[in-house]
Amino acid sequence: MNKSKGYALYLGCATPVKALKYEISARNLAKRLGVELVDVPEFGCCGFPVKSMDPFAALLMAARNLALAEERGMDMIGLCTGCVAVLSETKESLKNGRLRDKVNEKLRLLGVKEYSGRVTVKHFARFLFEDYGLDAVRERVVAPLGSLNFGVHYGCHYTKPGHAHGHFDDPSCPTTLDELIRSTGAKTIEYPNKNLCCGLTVMGVAEDLSFRLASEKLECLSNRGADAMVVACPSCCIAYENNQKPVGRSIGRTFNLPILYFTQVLGLATGLSEDDMGFEFNRIAFPRPL
Amino acid sequence: MDSELIDREKLKCCHHCGKCSSGCEPNRLDPSFQPHQILHLIGVGALDELLTGDAIWKCTTCFTCSERCPQGIAVTDILWRLRALAFRSGRTSELLAAQKDVLLKTGRLYAASPLDNKKREKAGLPPLPEGSSLVARIFKVSDEDE
Amino acid sequence: MSDEGKIGVYLCACEGEIEKVIALDSLVREASAWPGVTTVRKDSSLCSERGIRTIREEVKKLGLDRVLIAACSASLKMKEFSDLGINKYLVERVNIREQCSRVHSDNPENATKKAGAMLGIFLEKARRSKALEPVTVPAVKTALVVGGGVAGINAALDIAGTDAEVFLVEKKPVLGGNVAEFHRYFPRMCPPSCGLELLLSRIESAPRIHVLTSSEISALSGSPGNFSVTIKAASTGVTNLNEQDRVSTVKAGAVILATGWEPYDPTPLTEYGYGRLDHVITNVEFEKRARERKEFLREVRSTAFIQCVGSRDERHLPYCSDVCCMVSIKQALSLKEADSEHDVRIFYNDIRTPGEYEELYRQARKSGITFIKGIPSELRQEAPGKIAVSVFDTVAGRRTENTVDRVVLATGMRSSQGNSGLNAKIGIVLNKNNFIESHLQCHPQDTQRAGIFSAGCCRAPMDVSRSIESAGSAAIKALQFLKGEITVSPDYPVVNILKCDHCKRCMEECPFKAYSLDEKQFPKVDITKCRACGICMGSCPLGAISLGELSIEQLSGMLDVLDKSYLGDDEPVILGFLCKNDAYRAADDAGLKGVSYPPNLISIMVPCSGAVNGMIISEAISKGVDGILIAGCPDDQCHYVQGSALAKTRLADVSNKLKEMYIEPERVRFVNISRDETEKFAETVKEYVAELKKLGRNPLRIQ
């Protein structure tokens, strides 16, 4: 990825409003690791929710963000896996010249410079794994987390659709997030329903379904004694953290599983303070290891 | 019923091996939701039935089906297209209608209230615009000659 | 006009049919006056015994040196007109029935005029004909069979049953191929060792079969009847400290490729955990283990089979691997045979058990094997020794969870590495799935190289029974090259090196790679590889190549002699070049189908539309022909692979030339005509005549 001007930080809609601890820990981690994240206030919604309303409008929303980044000569780092999946897929679709021309025509009407296909989009965790490198992460570890055992939740959009993400990890058997977490010295759990979707996207229309999906993973990791579940997406976090109480109630169990973002875990290992990791926003307290 | 948004060529190749439904999480918990059945129904002209039903809203867009389909059918995309068709004709969930409202008014899926911005300020984060017509403009531009 | 000759012209009234439309008497009178014509006669039925006898007598008595038969299409009565006491290349057939009297019966006057014009040009062609004799090339009575699996072994035995020698080359240290390691054959459920043992002992006792194991082909050159094959043998002796490859050269008259298949590796389908999960094996592994140890079939109590793993899959093998359904049924039955309580479940999409194989399918169901129509999405390790298979049962309409001790992935067949090697080493053409390209319907055992045939799975996935059959058919075809000599019909092209400027287009465009360069860098045709399609003749920009029975000089002469206004001053004249396999025959059918077209077209039959030479087209236009119509097979059906496609692309060059001559490019046209597209042909001609009338007569026509 091109780092000359820094990376355009793509926050999306959920993180800045619903997942402050993610944004806080991500920004501070980036600083700690020497990764320059640049704000682009002109960015707008990636278009994910609009895919169910108007596919072309959704495409325009995503394309506009890509065009804005390209105009500024920056590649994009995203925090929400859904956003990154949509932006990456859009980038793939816009390799079709005819579609790209049509989209650029509309972008002009929106006052945005046309997009020519030169922006790379990656999720922050993927960026750390592939571009920053595990060795570089290990070098920054000051407090190895050897005593901790995490259950990593990839979510669906981190690795899929495979062709949009360049098949960088195997959706059936993903390992890159585990490796990232383990570079802190922590252990990760191999558990059976690792690929299970968090189900948040259907919460509005089929809450029961959503809760049942969430409960299965919460149960599994709780039963296996995970110190916390690690997530990489604000929607997954809502499903497992914000909804943890009602989900537990729906199956008659009280969960107490801390949900941490990978940025918080890496922050722990690289010596960030609790404030800097947004720990105040943890709904289930995560006791910092001694 | 216009259905030009669906890639019919690839869709015709589905011969209902069921691999999509076999790996579908919503299907596991709610057998009435069967992606391979949905594809078949489109093929036999039961599009209307699909657009008025609630099955198409149960897809969690996890992409497992699309990744593994031997015919390379983008099942998830088809589900999205079906939803968009339903939405276009006014058949939609309340949630989605509400989401469109928020997007049109604020340009965001989750609106940023003054309280949210106060929290952000406290945490040392840049503020978010509390209202924006961006999405409304995009919808308008997309509608023209679409 | 050239040297006159002593030509006999015979017009057939065809029992009155032709004479009803064409005034044969006037043609007789006309032709009698032409130079070189010794005798002209009409006859009620030339093809009758009496008719043939009369011609033969006249040939002898009058010392005729050319014979013109104006009658039905040359594709008919070939046997009758083949023995007239004169070299058959000196006999010219003029099609005044199918392409004249039958299609222009509404206007006998014009039909007669056209027949006269046809006689004129084919007479000129005859004048320039030469007597040609078949060429006999000595050939080696040895066959080379590449690959010692089921197909290769059977092919070798089939050939060795005659008096030919066979070299059987196998890259592994033992014969038997893939199935030698298998447990059972279907449908009879017998062990392969039984059949194979018999075959192998027959090979051993066959004096004319030479088996070379641990050997591979490294190069192949030469031509059918006289291939030169280099075989590299790997030294496998443990005592040899230096691994010396031993190289030998063998001469072979024919080659049969039987390089077989390889199992498709299901590792990329990571959802099935092959290599990651215990107790997930492939169908090939099942066979091998069942053969290695009897206990294997009883080691577990429950087994799930998943069909179509990697086959019929866009991302892996797009085709169906043919045997996997039967293999899984066979394996399931073996499990039941060992333990009737074994819980066997087959997860399928379709069950393909054609013909009598349906019996085995029925037997499988009766034995209590569970068939579930639904393909699982993934496999999970539920517990040590237990695999969870979650599948949507499409018939029951619900999801079912299955826990089994073992999962067998029914993986398919891919083309073997040997095949790609063949392509690289000896130029064998592979299809898009990397199997040997052949004309699957009509010539399944042919490759695109004369004298080289294919047998067994290297051509397509197939079971043992079909492999053996394909080996037999390849052997029969090969035998034609193993008689000690090869007779080549003299239709092959001849290169006039005085005209050649070494552009090599003939070499590049020949679909059968029959050309090579001689010591002086002139193109030389290997007549045993040649299929006389004439694409080389069509390719040469200098007209240096001519076919045995149709030369550039003949065509040139015909253009000179053609009466460009045989229908009068206002009617355009079109010269047609119709390919003999499809277009010409489609045109011949017109009369029988009651389809007619204007008499402005005179057609010349060419072996392939690719044989039409651009120089001849330009010459025709410059000599005043109003239009040229080239008709060939549909592109993907061209009997010579690329003739039609080439004819079309060459038209672009011709168009440019015409523009330079200030001639409308519309005066040359190409149309694809399939064998049964007679109506399309007639419509095309009608349309073309109308268009040419609008354009007006060719301005280069001498009035």
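Residues numbered from 1 in each chain as written. Chains lettered and ligands numbered in written order. Predicted model: local features only at pLDDT ≥ 70, side-chain atom pairs only at ≥ 80, totals over all residues. Heavy atoms only, no water.

S.K.: Residue-level account of the nonpolar core, with values.
M.R.: Ranked by size, the top nonpolar core spans 166 residues in total, and within it Ile22, Ile69 and Ile628 of chain C carry the most contacts. Of all hydrophobic cores here, the second largest spans 142 residues; its members include Ile77, Val103, Leu260 and Ala269 of chain A. (Core = buried A, V, L, I, M, F, W, Y, C linked by side-chain atoms within 4.5 Å. Buried < 20%, exposed > 50% of the residue type's maximum accessible area, 1.4 Å probe, protein only.)

S.K.: Outline the domain arrangement of chain A, supporting the account with residue identities and numerical values.
M.R.: Residues and elements named next belong to chain A. Considered domain by domain, chain A is made up of domain 1 (3-123) and domain 2 (142-281). Taking the mean C-alpha position of each, domain 1 and domain 2 sit 24 Å from one another. For the pair domain 1 and domain 2, the summed buried surface comes to about 2200 Å²; carbon and sulfur atoms form 70% of the total. When the area that domain 1 buries against domain 2 is broken down by residue, the three leading residues are Lys21, Leu29 and Thr81, summing to 29%. Across the contact surface, domain 1 and domain 2 share one salt bridge. Measuring nitrogen to oxygen at the nearest pair gives 2.8 Å for the salt bridge that ties Glu241 to Lys21. Joining domain 1 to domain 2, the criterion identifies eight residue pairs in polar contact (both at pLDDT 80 or more). For the side of domain 1 that touches domain 2, the secondary structure elements donating two or more residues are α1 (15-18), α2 (20-33) and α4 (81-93). Top contributing element to the side of domain 1 that touches domain 2 by residue count: α2, with ten residues. Of the residues in the side of domain 1 that touches domain 2, the class split is 13 nonpolar, seven polar and five charged. (Domains from an automatic or database assignment. Buried area = accessible area lost by both parts, 1.4 Å probe. Salt bridge = Lys/Arg side-chain N within 4 Å of Asp/Glu carboxyl O. Polar contact = N/O pair within 3.5 Å; in protein donor to acceptor, adjacent residues only side chain to side chain. Helix = DSSP H or I, 4+ residues; strand = E, 2+ residues; numbered from the N terminus. Nonpolar A, V, L, I, M, F, W, Y, C, P; charged D, E, K, R; others polar.)

S.K.: Got a sec to walk through the domain arrangement of chain C? Specific residues and values, please.
M.R.: Residues and elements named next belong to chain C. Partitioning chain C into structural domains gives domain 1 (1-132), domain 2 (142-260 + 416-479), domain 3 (264-412), domain 4 (489-525) and domain 5 (564-703). In this structure, domain 2 and domain 3 have C-alpha centres spaced 31 Å apart. Across the contact, 16 residues belong to domain 2 and 19 residues belong to domain 3. For the pair domain 2 and domain 3, the two sides together bury roughly 1600 Å², of which 64% comes from carbon and sulfur. Along the contact surface separating domain 2 from domain 3 lie two salt bridges. Between Glu181 and Lys288 there is a salt bridge, and its shortest N-O distance comes to 3.7 Å. Seen at the junction of domain 2 and domain 3, the total is six residue pairs in polar contact (both at pLDDT 80 or more). Considered class by class, the residues forming the side of domain 2 that touches domain 3 number nine nonpolar, three polar and four charged. (Contact = heavy atoms within 4.5 Å.)

S.K.: How would you explain the pattern of salt bridges if you had to name every residue and give the values?
M.R.: Scanning the entire structure with this criterion turns up 60 salt bridges over all chains. The partner of Arg118 of chain A in a salt bridge is Glu70 of chain A, and the shortest N-O contact between them spans 3.8 Å. In this pair, Arg118 of chain A sits in the loop between α5 (97-109) and β4 (121-123) while Glu70 of chain A sits in helix α3 (residues 55-71), placing the two residues 48 residues apart along the sequence. Glu70 of chain A gets classed as buried once you look at its relative accessible area, which sits at 13%. Bridged by salt links that share partners, the residues Glu23, Arg27 and Asp39 of chain A together with Arg120 of chain B form one connected network.

S.K.: Describe the interface of chain C and chain B, naming the residues involved and giving the relevant values.
M.R.: Taken together, the contact pairs 21 residues of chain C with 22 residues of chain B. When chain C packs against chain B, the two sides together hide about 1600 Å² of surface, and 41% of this comes from carbon and sulfur. Considering only the surface of chain C that becomes buried against chain B, Ser377, Phe392 and Arg399 of chain C emerge as the three largest contributors, covering 37% of it. Remark: the boundary between chain C and chain B carries three salt bridges. Salt-bridge contacts for Arg68 of chain B lead to Glu378 of chain C; the nearest nitrogen and oxygen are separated by 3.0 Å. When residues of the side of chain C that touches chain B are traced back to their parent elements, those giving at least two are β19 (386-393) and β20 (398-404) of chain C. With three residues, the single largest contributor to the side of chain C that touches chain B is β19 of chain C.

S.K.: Can you explain unusual backbone geometry? Please cite residues and give values.
M.R.: Along the chain, Lys160 of chain A connects to Pro161 of chain A via a cis peptide bond; the corresponding omega equals -5 degrees. Along the polypeptide, Pro161 of chain A turns up in the loop between β5 (149-152) and α7 (176-182). A cis amide bond links Phe186 of chain C to the next residue, Pro187 of chain C, at an omega of 0 degrees. In the Ramachandran plot, Phe63 of chain B falls in the positive-phi region, its phi being about 70 degrees despite a non-glycine side chain. Its place among the elements puts Phe63 of chain B in the loop between α5 (47-52) and α6 (64-68). Residue classification places Phe63 of chain B among the buried positions, given a relative accessible area of 5%. With a phi angle near 60 degrees, Tyr662 of chain C is a residue other than glycine that sits in the positive phi range.

S.K.: Account for the packing of helix α5 (residues 108-127) of chain C against helix α15 (residues 552-561) of chain C, with residues named and values stated.
M.R.: Residue and element names in this part refer to chain C. Look at α5 against α15: their axes get within 8 Å of each other, and the N-to-C directions meet at 145 degrees. As α5 packs across α15, the resulting crossing turns out to be right-handed. When α5 is examined against α15, the residues Gly120, Ile121, Phe122, Glu124 and Lys125 are found in contact with a partner set consisting of Gln554, Gly557, Met558 and Val561. Taken together, the residues of the contact of α5 with α15 break down into four nonpolar, three polar and two charged. (Axes fitted to C-alpha atoms, helices over the stretch in contact; angles between N-to-C directions. Left-handed = near helix turned anticlockwise from the far one by under 90°.)

S.K.: Account for the pairing of strand β7 (residues 228-231) of chain A, with residues named and values stated.
M.R.: All names here are of chain A. Neither face of β7 is exposed, since Ala228 and Val230 on one face and Met229 and Val231 on the opposite face are all buried. Two elements, β5 and β7, share three bridges in a ladder whose sense is parallel. Along β7, the bridge assignment pairs Phe150 with Ala228. By the bridge criterion, three bridges tie β7 to strand β8 (residues 259-261) in an arrangement that is parallel. Bridging across to β8, Val230 finds its partner in Leu260. (Pairing = 2+ DSSP bridges.)

S.K.: Quick rundown of the sheet that holds strand β1 (residues 7-12) of chain C? Include the residues and the values.
M.R.: All names here are of chain C. Read across the open sheet, the four strands follow the order β2-β1-β3-β4; overall the sheet is parallel. Of all the strands in the sheet, just β2 (37-43) and β4 (91-95) have a single pairing partner and so form its edges. Ignoring strand direction, the axes of neighbouring strands in this sheet form an average angle of 15 degrees. Seen against the sheet, helix α3 (residues 49-62) touches β1, β2 and β3 (66-71) and runs at an angle of roughly 165 degrees to β2.

S.K.: Account for the pairing of β3 of chain C, with residues named and values stated.
M.R.: Residue and element names in this part refer to chain C. Counting buried residues along β3, six of its six residues qualify, which places the element largely inside the surrounding structure. Residues Arg66, Leu68 and Ala70 line one face of β3 and the alternating positions Val67, Ile69 and Ala71 line the opposite face, and both faces are buried. Across five bridges, the pairing between β1 and β3 is parallel. Within β3, the position partnered with Tyr10 by the bridge is Ile69. Two elements, β3 and β4, share five bridges in a ladder whose sense is parallel. If you follow Leu68 over to β4, its bridge partner there is Glu92.

S.K.: Hey, could you go over the confidence of the model for chain C for me, with residue numbers and the actual values?
M.R.: Residue and element names in this part refer to chain C. Taken residue by residue, chain C gives an average pLDDT of 93. The fraction at 70 or more is 98%. Here residues 239-243 is a poorly scored stretch, pLDDT under 50, and it has two contacts once near neighbours within four places are set aside; other chains count. Quick note on the complex model: pTM equals 0.85, ipTM equals 0.92. (pLDDT = per-residue confidence, 0-100.)

S.K.: Go over the packing of α15 of chain C against helix α17 (residues 614-622) of chain C, please, and point to the residues and values.
M.R.: Residues and elements named next belong to chain C. The N-to-C vectors of α15 and α17 enclose an angle of 15 degrees; their axes lie 10 Å apart at closest approach. Looking at the two axes, α15 sits roughly parallel to α17. Pair α15 / α17 crosses with right-handed handedness. Every residue of α17 that contacts α15 at Ile552, Leu555, Ser556 and Leu559 is listed here: Ile616, Glu619 and Ala620. A breakdown of the residues in the contact of α15 with α17 according to their chemical character gives five nonpolar, one polar and one charged. (Parallel < 35°, antiparallel > 145°, perpendicular 65-115°, else oblique.)

S.K.: Which residues make up a positive patch on the surface, and what values do they have?
M.R.: A contiguous patch of positive charge, built from Lys18, Lys245, Arg249 and Arg283 of chain A together with Lys119 of chain B, is present on the exposed surface. Within the secondary structure, Lys119 of chain B sits in helix α9 (residues 114-122). (Patch = residues over 30% accessible without salt bridge, like charges linked within 9 Å, V, L, I, M, F, W, Y side chains within 5 Å. Areas by Shrake-Rupley, 256 points an atom, 1.4 Å probe, with all protein chains shown as cover. Lys, Arg positive; Asp, Glu negative; His and termini not counted. Charge placed at Lys NZ, Arg CZ, Asp CG, Glu CD.)

S.K.: Which residues make up the side chain of Asn27 of chain B, and what values do they have?
M.R.: Inspection of the secondary structure assignment puts Asn27 of chain B in helix α3 (residues 25-29). Relative accessible area serves as the criterion here: at 0%, Asn27 of chain B is assigned to the buried category. A polar contact of 2.7 Å, which involves the side chain of Asn27 of chain B, links it to the side chain of Arg399 of chain C. Apart from the residues within four sequence positions on either side, Asn27 of chain B is in contact with Ser21, Phe33 and Gln34 of chain B together with Phe392 and Arg399 of chain C.

S.K.: Describe the interface of chain B and chain A, with residues and values.
M.R.: Contacts between the two partners involve 52 residues from chain B and, on the opposite side, 54 residues from chain A. Each partner contributes to the roughly 4400 Å² buried at the junction of chain B and chain A, and carbon and sulfur atoms together form 68% of this total. For Glu23 of chain A, the salt bridge is made with Arg120 of chain B, and the minimal N-O distance between the two is 2.6 Å. In this structure, the connection of chain B to chain A is made through 15 residue pairs in polar contact (both at pLDDT 80 or more). At eight residues, the largest contribution of residues to the side of chain B that touches chain A is made by helix α10 (residues 134-143) of chain B. Within the side of chain B that touches chain A, the residues separate by chemical class into 26 nonpolar, seven polar and 19 charged.

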